[in-house]
Amino acid sequence: MENKIIIRTENLHKDFILNKESKVSAIGGIDLNIEQGEFVAIVGRSGSGKSTLMQLLSGIILPTQGDVYYRNTNLNKLSNKERAAFRNKEIGFVFQSFFVEKNLTAYENVEIPLLIQDIDKKERERRIELALSQVGLSKRKDHKPREMSGGEIQRVCIARAMVTDPEVIFADEPTGQLDFATSEIIMELFTKMKNENKTVIMVTHNETDARKYADRLIRIQDGKITSEEKLKDEQA
Ligand SMILES: Nc1ncnc2c1ncn2[C@@H]1O[C@H](COP(=O)(O)OP(=O)(O)OP(=O)(O)O)[C@@H](O)[C@H]1O
Ligand SMILES: [Mg+2]
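Calculation rules
Residues numbered from 1 in each chain as written. Chains lettered and ligands numbered in written order. Predicted model: local features only at pLDDT ≥ 70, side-chain atom pairs only at ≥ 80, totals over all residues. Helix = DSSP H or I, 4+ residues; strand = E, 2+ residues; numbered from the N terminus. Buried ≥ 20, exposed ≤ 12 C-beta atoms within 10 Å, placed from the backbone. Contact = placed C-beta atoms within 7 Å. Pairing = 2+ DSSP bridges. Axes fitted to C-alpha atoms, helices over the stretch in contact; angles between N-to-C directions. Right-handed = clockwise from strand over helix to strand, strands pointing away. Near = placed C-beta within 6 Å. Nonpolar A, V, L, I, M, F, W, Y, C, P; charged D, E, K, R; others polar. Parallel < 35°, antiparallel > 145°, perpendicular 65-115°, else oblique. Left-handed = near helix turned anticlockwise from the far one by under 90°. Core = buried A, V, L, I, M, F, W, Y, C linked by C-beta atoms within 7 Å.

Peer 1: What am I meant to see in the environment of Ser-51 here?
Peer 2: Within the element layout of this structure, Ser-51 appears in helix α1 (residues 50–57). On the neighbour-count criterion, Ser-51 (20 C-beta atoms within 10 Å) is buried. In contact with Ser-51, other than residues within four places in its own chain, are Gln-96, Asp-172 and Val-203.

Peer 1: What is the right way to look at the sheet that holds strand β10 (residues 224–230) in this model?
Peer 2: For sheets, the rule is that strands pair by backbone hydrogen bonds, running either parallel or antiparallel. Strand order in the open sheet formed by six strands is β6-β7-β8-β3-β9-β10, with mixed pairing between adjacent strands. Every other strand in the sheet has two partners, leaving β6 (91–94) and β10 as the edge strands with one partner each. Geometrically, the sheet is characterised by an average inter-axis angle of 15° between neighbouring strands, direction not taken into account. As judged from the five bridges shared by strand β7 (residues 168–172) and strand β8 (residues 199–203), these two strands associate in the parallel manner. The partner of Asp-172 across the bridge, within β8, is Val-203. Where helix α6 (residues 180–195) meets the sheet, its contacts fall on β3 (39–43), β7 and β8, and the angle it forms with β8 comes to roughly 145°.

Peer 1: Any chance you could explain the pairing of β8 here in plain terms?
Peer 2: Note on strand geometry: in a regular strand, side chains alternate between the two faces of the sheet. Summarising burial for β8: five of the five residues are buried, a large majority. In β8, alternate side chains face the same way, and those of Thr-199, Ile-201 and Val-203 on one face and Val-200 and Met-202 on the other are all buried. Relative to β8, β3 runs parallel, the two being bridged by four bridges. Residue pairing for β8: Phe-39 is matched across the bridge by Val-200. Where the polypeptide runs from β7 across α6 and back to β8, its parallel neighbour, the crossover connection is right-handed.

Peer 1: I would appreciate a short explanation of the site of ligand 1 in the present structure.
Peer 2: Taken together, 13 residues sit near ligand 1, with Phe-16, Ala-26, Ser-46, Ser-51 and Thr-52 positioned nearest. For the shell around ligand 1, the secondary structure elements donating two or more residues are β2 (23–35) and α1. Element by element, the count of residues in the shell around ligand 1 is highest for α1, at three residues. Taken together, the residues that form the shell around ligand 1 break down as four nonpolar, eight polar and one charged.

Peer 1: Can you help me understand the sheet that holds β2 in this one?
Peer 2: Taken together, the four strands give an open sheet; going across it, the order is β2-β1-β4-β5, and neighbouring strands pair in antiparallel fashion. A strand with exactly one partner marks an edge of an open sheet, and here the two such strands are β2 and β5 (73–74). In this structure, strand β1 (residues 5–17) lies alongside β2, joined through 10 bridges in antiparallel fashion. Note on β2: the bridge partner recorded for Lys-14 is Ile-27. Along the sheet, α1 makes contact with β1, β2 and β4 (65–70), crossing β2 at roughly 55°.

Peer 1: Explain the packing of helix α3 (residues 106–116) against helix α5 (residues 150–162) here, please?
Peer 2: Packed helix pairs are characterised by how far apart their axes lie and by the angle those axes make with each other. For the pair α3 and α5, the least separation of the axes is 8 Å and the interaxial angle reads 30°. In terms of their interaxial angle, α3 and α5 are classed as roughly parallel. Viewed along their axes, α3 and α5 form a crossing whose handedness is right-handed. Residue-level inspection shows Ala-106, Asn-109, Val-110, Ile-112 and Pro-113 of α3 in contact with α5, the latter providing Val-156, Ala-159 and Arg-160. Class assignment for the residues of the contact of α3 with α5 results in six nonpolar, one polar and one charged.

Peer 1: How should the nonpolar core be read in this particular structure?
Peer 2: Most often, soluble globular proteins keep nonpolar side chains buried together rather than apart. If you look at the biggest cluster of nonpolar residues, it comprises 60 residues, and the most contacted ones within it are Ala-159 and Phe-170. The dominant element in this core, judged by the number of residues it contributes, is α5, at seven residues. If near-sequence neighbours (up to four positions away) are discounted, Phe-170 is found in contact with Met-54, Leu-57, Ser-58, Ile-91, Phe-93, Val-94 and Ile-201.

Listed below in structure tokens is the structure:
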């Protein structure tokens, strides 16, 4: 089966302007095609532009130059409101600095994207319970962030990203705080999504995980792709 391109970038650039004299070129010309159902791992040194690329691909920030297409939609051409709606509907994002609402419980944090979608209480409850159980957090649903460990908070963020059943999951170092066994559970979850023809884009410093689970390994350095490696056979 021929898979369709779900995300495509053309000549993508992102500069951060610090002041009149200095700017950082975080992304310096990236052309990338990502297929629906693909599991892509992005690796690279600290400061190489991985998080910036993820935020561009998901429409959280806009490029200085170039375009990101999601299917046939140019994210640059959407209004802020349309882009926010697009993100809520199509995308789950696990941030590197896993931010959570400090005064809300695990359950309530995972509920946020569903409230935006106006899903009724019963269905919300079903989805939240499922998402929390998939990341092994059923017992912590009434805990607030200060009553949880770093790895548990990270898993709340993963549950929140998955609870809407998005087409694309972006995960920026999703297992940085997790032990080996818990990381495996998360990688298996992403693999399950991929097998349902969802797209998974993950930044990781763990190349062993990347090689074990991903279909493609993309290396970036100084805001550019330096190599792309296919890890799995199309026919697999
Ligand atoms: N908001 C910002 N303003 C100015 N510079 C920024 C901003 N965000 C990122 N940068 C710079 O852009 C470059 C790329 O940052 P980015 O966060 O994408 O790196 P990264 O590959 O994710 O690194 P890490 O592995 O440490 O998370 C870095 O040099 C960083 O200092
Ligand atoms: Mg980063």
